[in-house]
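Structural overview for review
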2 protein chains.
Amino acid sequence: MTNALRTTQVMDAIRRMVAERALLAGDRVPSIRSFAARMNVSPSTVVEAYDRLIAEGVIRSKPGSGFYVAGRTALKDLRAPSADLDRSVDPLWVSRQSLDAAPDVLKPGCGWMPPDWMPQASIRRALRQISHGGDALLADYGSSHGGPALRQILARQSAEEGLPVDPDMVLLTGSGSQTIDLICRLLLRPGDTVLVDDPCYFNFQALLRVLGVRIVPVPFTRDGPDLAAFAEALETHRPRLYLTNSALHNPTGATISAQTAHRLLLLAAERELMIVEDDTFAALEPDLSPRLAILDGLQRVIRIGSFSKTLSAAARCGYVMARPDLIEGLTDLQVATNFGGPSPVAAEIVRITLADGSYRKHIAATRTRLARARRDAAARLQPLGIEPWIMPRGGFYLWCHLPKGRSAQDLAKAALERKIVLAPGNVFSVAGTADGFIRLNASQMAPAVYDALAEALERSA
Amino acid sequence: MTNALRTTQVMDAIRRMVAERALLAGDRVPSIRSFAARMNVSPSTVVEAYDRLIAEGVIRSKPGSGFYVAGRTALKDLRAPSADLDRSVDPLWVSRQSLDAAPDVLKPGCGWMPPDWMPQASIRRALRQISHGGDALLADYGSSHGGPALRQILARQSAEEGLPVDPDMVLLTGSGSQTIDLICRLLLRPGDTVLVDDPCYFNFQALLRVLGVRIVPVPFTRDGPDLAAFAEALETHRPRLYLTNSALHNPTGATISAQTAHRLLLLAAERELMIVEDDTFAALEPDLSPRLAILDGLQRVIRIGSFSKTLSAAARCGYVMARPDLIEGLTDLQVATNFGGPSPVAAEIVRITLADGSYRKHIAATRTRLARARRDAAARLQPLGIEPWIMPRGGFYLWCHLPKGRSAQDLAKAALERKIVLAPGNVFSVAGTADGFIRLNASQMAPAVYDALAEALERSA
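Residues numbered from 1 in each chain as written. Chains lettered and ligands numbered in written order. Predicted model: local features only at pLDDT ≥ 70, side-chain atom pairs only at ≥ 80, totals over all residues. Heavy atoms only, no water.

1. Examining the overall build of chain A
Inclusion rule: The secondary structure listing takes helices from DSSP runs of H or I that are at least 4 residues long and strands from runs of E that are at least 2 residues long, numbered from the N terminus. Exposure classes here rest on a 1.4 Å probe applied to the protein chains alone. A residue is buried below 20% of its type maximum, exposed above 50%, and partly exposed in between. Contacts: residue pairs with any heavy atoms within 4.5 Å of one another. What sets the accessible areas is the Shrake-Rupley method with a 1.4 Å probe; for residues, cover comes only from the shown protein chains. In this tally, Lys and Arg are treated as positive and Asp and Glu as negative; His is ignored, and so are the chain termini. Here the site of a charge means atom NZ of a Lys, CZ of an Arg, CG of an Asp or CD of a Glu.
Of regular secondary structure, chain A possesses 17 helices and 14 strands. Overall size of chain A, expressed as C-alpha extent along the three principal axes, is 85 × 55 × 45 Å. Expressed as a percentage of the 461 residues in chain A, the buried residues total 61%. In chain A, of all internal contacts separated by at least 6 residues, the share reaching a separation of at least 24 is 72%. For chain A, the exposed surface amounts to about 17,200 Å²; the carbon and sulfur share of it is 50%. For chain A, the distance from the average position of its 53 positive side-chain charges to the average position of its 48 negative side-chain charges is 6 Å.

Right, here's the structure in full:
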C-alpha cells in the first residue's frame, strides 16, 4: 500500500468518526502515537493525515495541547449554481449559463471549443517544463508589460502579417475582455458613445453597460459593417470608439472585405474615431484576411487578441498592440486595477506552446477539423429548417436563421429545460433585430444536440 | 547528443546564415532533405527545427513550395523597461519601479517577498499534479464563481476564524487589486467619497483615482484609524465606503484593536457605510487579531484576500467573501469585465497547496523567519538613524522614520541612482504627511541595502 493511500485511510477514519458523531466539535482527536498504533501505520503518516485534515478545516491543532475537532463543520454542501430559468435573457445570460453548466448539459450556444479539441499534450508538457523553471517565474509578479519573450514572439508574428511592432508596443493582459475593459477605461468617459456591430459579441454589450457609455449599433453585412449606416452614425452620434471583430466576426463568422476596411478607415479618420479590433478568433482563419490594424498601422486602431479560444481558457492571457502612448497608459491602468497582467504561469504556458511550434500545428489541424464540423453541422441542421446566414471561412460559429416565425428566446428557454444551452440572437443585438437567429458552435454539436433542438423547436412552437 | 541539442544546432545554423546575410529576407531556406544531409542529422530533426524557427518568426513556410526567410527581421532588440528617474513619485511609482526592476536592482521598497522565500517545492509539485489533471481543468474557463473545491476550503478556514460563510458567498478573482476594483465598480459612482487610512497602500489611491471618486484620508494610529477623525469624516463627507487592512496594515504593520474595531462598526452602522477589509497579509499574523468582517458577520463588511504575497504572485488568485446579493453582482461584473475569474490553472496551484497542508507549513515557517528578519533589520537600521514607527506583530513591512528633517522622496531618487528601489512615505499618504517615512520590507534587506541606504542618505542630505 502506498503512503498516499495510508494517509487517505487515516483521514477517512477521522472523518467517519466526526460524521458518525463519535467525535463532536471541540473533542480531542486521538494522539498521533495512539492513532498510529490503532491504524497500524507509522506516526509520520498520521502527522501527514492530520495536517491535511487541518487544511480541510476538519480538525485544528492547539500548540502544546493536541488536536481537536473543528468548531463548525455543519456548512452546507456546495451547491452547483443552478440553471436559472427565470433570469431574463440579457447579455450575461449565455455567459453565465455556459460557464456554470453542469457536466451533463450540452452547450451548442457557448463560445469556445470542448476541452478535447484543445492541445492537451502541449499544455501538459508546458506545465511540466514550468515546474522546472526558475524561482522568479514561479513566485514573482513579472514585469508590468508581461514577459518580454512572449511579447517578442507576438511582435514577430504581427510583423509577419504585415504589421511590424516593437515588443514594447505589446502589453500582456489577463484576458481579451479585460483588455477591452482597460482600453475603454483609458479612452472613454461615461456618456461617451461607442459603435458596435449589430449583431455583436454579447459581452461587448455587457461590458459597455458597466462603463456607462451609450451603445450605438450599426448593421453588420456579409462584408463588414454597413458603411452608409456607419457614416450616418458617425455624423449623428459622434462616437469616440468602434469595437469590432474584422476576421471571423462573432457571432456571424463573416469577415470584412478589403474595400470596406479601407473605406471604414477613411471615415474614421475624418471623425477622429478610435477602433478596437478584436482578433480573438483570427488564428482560425485559413489565411490572412483584411485587417484594420494592418491597413492603419496602429494609428487609430488598437489590436487585441487572446489565447482562451485557441489554446486554453484555463491559462488566461490576452494582449494588446497599440501606439506607445496608449500602451503606457494601459500599463499604468492595469497596475492600478490588477497590479499587473496575466498570471506569469499562464503566460508561460502560452509562450512555450508558441515557441515550440505546437500551437501552430494545433491550429493547422483545428482549422481542418472545424471546416468539416461546420459542413457537417449545416447538413444536419437543414432538415430542422435551421440554416446558416453564411458559411464562414473559418472558426466555429454558425449564425443561423430559425424556421420562419420562430423566436430564438422561446427556443432557448425550451432548450434549457432539455439541458441544452443555446445562444439566442437577441443577446447579440443591441437593436433587438435578431430573435430569428441563433448562434451555434460547430465544435459543440454532439449528435444529441440535433434531437434536442428538434424537440425544443416543437415545444416552443 | 540528444535530439533537443541537434534541433538547437540546426536552428542556430539557419539563424547564423540570416545574421551573416548569407540568406536574405525572402530567400529560400535549404530543403529539409538537403539540410539534413549537410548537418548530418535526420530529416525529422530539421522538420522540428524549422517548425520552431517558424514559431519564432525567423522563417515561414509556403505550402507546396518550401521554406523562406521571413520578411521583416530587423525588429529592435527587446529593451528592458528603463528605470525612469524623471517620472514623478506618484502612487504608481513604486509599483512600476518594483515590477520592472532589472535583476541587479535591490528592492527594499517592494511589497512582496523574494522568490526564494516562497514555497517553491510546493508550487512545483502542484504544477506537476496539474499536468496530470483532467482535460477540462487544463482548457476550460471554469465556473463563474471559480472552482468549488477552493471556495469550500476558504469558507471552512473563515468558519474556523469565527466567520462561517457558505461557499457560494466566496467568489474567486484574478487578484486582490482586481477584487477591490470590482467592489468599487459595483458600489460606487464617480463623485462618491471613499475613506482611506493615512497612510494606506499606494495602489488603493491609484485605483480610486481611476474610478473618479473623492478620496478622504483618516489618520491611522497604532490601534487603527483615529476614531474622532473617522467620525468627523463620516459627518462631513458622507462617504459610501471605507477601504482598509485591519491586520498587518500596509504600510505601517499596525493592527486594529478590538475596541477600535467595535466602535468603528457602530459608527459605520449609523451612517450606512460599507467597509472593504483587505486581509492580504493576515496569514502572516502570529495569531488572529480583531477583524471587522468577523465582528460584523459580513453585513456591511466585505472581506477580501489573495495569495500573491504568501504563496505566489505568479499564480494570480484573489477572493472575496460577501453577502450573497453582493457576490451575485460581483460575479456578473467579473464576467462582463474579465469573462470570469482567475486562471483556473493558477487557482488550482492555490487549491493544491492549501489542501495538502504545505501552505500552512510554509506560513508557519515564514512567520518565524520574518520575526527574525524584522528584528535584524531594525537593529541594522538604528545606526543609520532609521527607526520603525512600531515593531509589527507579523508581516514584512517596517514603516520607518527617517532621521529628522530628511525627505523620503529625495532619498528615493538618490537610492534609485544606486539601483535601490525605495518606497517613500508620501506615496502612501493622500494627505501628504509622510515624507519623513519610508516603508521597508524586512525580507528584502540584503546586506548591500544598508550600505546603499547610508550612501543615499549622505547624497540626498
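2. Examining the sheet that holds strand β14 (residues 437-441) of chain B
Residues and elements named next belong to chain B. Basically, it comes down to this: Here the rule is simple: two strands pair whenever DSSP picks up at least two bridges between them.
An order of β11-β12-β14-β13 is seen for the four strands of this open sheet, with the pairing classed as antiparallel. Edge strands, defined here as strands with exactly one partner in the open sheet, are β11 (387-388) and β13 (423-424). Bridging between β11 and strand β12 (residues 397-401) involves two bridges; their strand directions are antiparallel. For P388, the partnering residue across the bridge sits in β12 and is C400.

3. Some words on the pairing of strand β12 (residues 397-401) of chain A
Residues and elements named next belong to chain A. With four of its five residues buried, β12 lies for the most part within the structure. Summarising the sheet, β12 and strand β14 (residues 437-441) pair through five bridges and their orientation is antiparallel. The partner of Y397 across the bridge, within β14, is N441.

4. Some details on the pattern of salt bridges
The condition that has to hold: Here, a salt bridge means any side-chain nitrogen of Lys or Arg that lies within 4 Å of a carboxyl oxygen of Asp or Glu.
Taken as a whole, this structure holds 50 salt bridges over all chains when the rule is applied. Note that D51 of chain A is salt-bridged to K361 of chain B, the shortest N-O span being 3.4 Å. Placement of the pair is D51 of chain A in helix α3 (residues 43-56) and K361 of chain B in helix α15 (residues 358-381), with the two residues belonging to separate chains. As a salt-bridge pair, R185 of chain B and D181 of chain B come within 3.9 Å of each other at their nearest N and O atoms. One end of the pair is R185 of chain B and the other is D181 of chain B, both in helix α8 (residues 176-187) and four residues apart, which spans about a single turn. What makes R185 of chain B buried here is its relative accessible area of 12%. A relative accessible area of 4% places D181 of chain B in the buried class. Bridged by salt links that share partners, the residues E161, D279, E285, D287, R291, R303 and R393 of chain A form one connected network.

5. Some points on the interface of chain A and chain B
Spelled out, the test is: Buried area adds together the accessible area that both of two parts lose upon being put together, with accessible area traced by a 1.4 Å probe. Think of a polar contact as two N or O atoms within 3.5 Å of one another; within protein, one of them needs to be a possible hydrogen donor and the other a possible acceptor, and neighboring residues in sequence only count if both atoms come from side chains.
With 106 residues of chain A at the contact, the number on the chain B side is 106 residues. Taken together, both faces of the contact between chain A and chain B bury some 8,800 Å²; the carbon and sulfur share is 55%. Scanning the region where chain A abuts chain B turns up 14 salt bridges. Where chain A touches chain B, the interface holds 46 residue pairs in polar contact (both at pLDDT 80 or more).

6. Focus: the pairing of strand β9 (residues 301-306) of chain B
All names here are of chain B. Counting buried residues in β9 gives six out of six residues, a clear majority hidden from the surface. Going residue by residue along β9, you find V301, R303 and G305 tucked away on one face and I302, I304 and S306 tucked away on the opposite face as well. Judged from the four bridges that link them, strand β8 (residues 274-278) and β9 form a sheet pairing that is parallel. From the neighbouring strand, D278 faces β9, where its bridge partner is I304. In the sheet, β9 pairs with strand β10 (residues 318-321) via four bridges, with the strands oriented antiparallel.

7. Some thoughts on the packing of α8 of chain B against helix α9 (residues 202-211) of chain B
When two helices pack together, their arrangement is given by the angle between the helix axes and by the axis-to-axis distance. Residue and element names in this part refer to chain B. Filter applied, for reference: Whenever a helix is involved, its axis is fitted only over the stretch in contact; in every case the axis is a line through C-alpha atoms, and angles between N-to-C directions fall within 0 to 180 degrees. Each helix crossing is assigned a hand: it is left-handed if the near helix lies turned anticlockwise from the far helix by less than a right angle, otherwise right-handed if that turn is clockwise. The nonpolar class holds Ala, Val, Leu, Ile, Met, Phe, Trp, Tyr, Cys and Pro. Asp, Glu, Lys and Arg form the charged class, and all remaining residues, Gly among them, are polar.
Running from N to C, α8 and α9 point in directions that differ by 35 degrees, and their axes come no closer than 11 Å. Two packed elements cross with a definite hand, and for α8 against α9 that hand is right-handed. Between α8, through S177, I180, D181, C184 and R185, and α9, the contact on the second element is made entirely by N203, F204, L207, L208 and L211. Its residues assigned to classes, the contact of α8 with α9 shows six nonpolar, two polar and two charged.

8. Quick word on the domain arrangement of chain A
What counts is decided by this rule: Domain start and stop positions are those given by an automatic or database domain assignment.
Here the domain parsing of chain A yields domain 1 (3-69), domain 2 (93-117 + 367-459) and domain 3 (120-358). Using only C-alpha atoms to locate each centre, domain 1 of chain A and domain 3 of chain A end up separated by 51 Å.

9. Notes on the packing of aromatic side chains
All names here are of chain B. For the record, the criterion: Stacked, tilted and edge-to-face are the three classes assigned to paired rings of Phe, Tyr and Trp, where Trp is represented by its six-membered ring and a pair needs centres within 6.5 Å; plane angles under 30 degrees give stacked, over 60 edge-to-face, the rest tilted.
As enumerated under the stated definition, the model contains 32 aromatic pairs over all chains in all. Plain terms: the ring middles of F307 and Y359 are 5.7 Å apart, the flat faces sit at 75 degrees to each other, and that makes the pair edge-to-face. Of this pair, F307 sits in the loop between β9 and β10 while Y359 is found in helix α15, placing the two residues 52 residues apart along the sequence. The exposure class assigned to F307 is buried, which follows from its relative accessible area of 4%. A centroid spacing of 4.9 Å and a plane angle of 5 degrees characterise the contact between W399 and F437, whose relative ring orientation is stacked. Of this pair, W399 sits in strand β12 while F437 is found in strand β14, placing the two residues 38 residues apart along the sequence. The exposure class of W399 is buried, given its relative accessible area of 3%. Among the residues examined, F437 registers a relative accessible area of 15% and is labelled buried.

10. As for the relation of the copies chain A and chain B
So the rule is basically this: Here the copies are superposed with least squares, the fitted atoms being C-alpha atoms of residues at a pLDDT of at least 70 in both.
Once chain A is rotated about the relating axis by 180 degrees and shifted along it by 0.0 Å, it coincides with chain B to within an RMSD of 0.0 Å. The relationship between the two copies is best expressed as a two-fold rotation axis. Most of the interface of chain A is mirrored in chain B, where 100% of its interface residues are also at the interface.

11. Quick word on the side chain of Q205 of chain B
Residues and elements named next belong to chain B. Looking at the element boundaries, Q205 is found in helix α9. A relative accessible area of 6% means that Q205 is categorised as buried. Beyond its immediate sequence surroundings of up to four residues, Q205 is in contact with P91, I215, V427, F428, S429 and V430.

12. Some points on the sheet that holds strand β5 (residues 214-221) of chain B
Residue and element names in this part refer to chain B. Sheet architecture is open: eight strands sit in the order β3-β10-β9-β8-β7-β4-β5-β6, paired in mixed fashion. Here the strands that pair on one side only, and so sit at the sheet edges, are β3 (170-173) and β6 (224-225). Pairing geometry for strand β4 (residues 193-198) and β5, over six bridges, is parallel. Its bridge partner being in β5, V194 is matched across the sheet by I215. Across the sheet, α8 touches β3, β7 (241-244), β8, β9 and β10, and the angle it forms with β9 is around 155 degrees. Strands in contact with helix α10 (residues 227-237) are β4, β5, β6 and β7; relative to β5, the strand with the most contacts, it is inclined by about 165 degrees.

13. Structural notes on the environment of I275 of chain A
All names here are of chain A. The residue I275 is located in strand β8 (residues 274-278) in this model. For I275, a relative accessible area of 0% puts it in the buried group. Along the sequence, I275 and P91 sit 184 residues apart, while their C-alpha atoms lie 22 Å from each other. Other than its neighbours up to four places away in sequence, I275 contacts L241, Y242, L264, L265, A268, L292, R300, V301 and I302.

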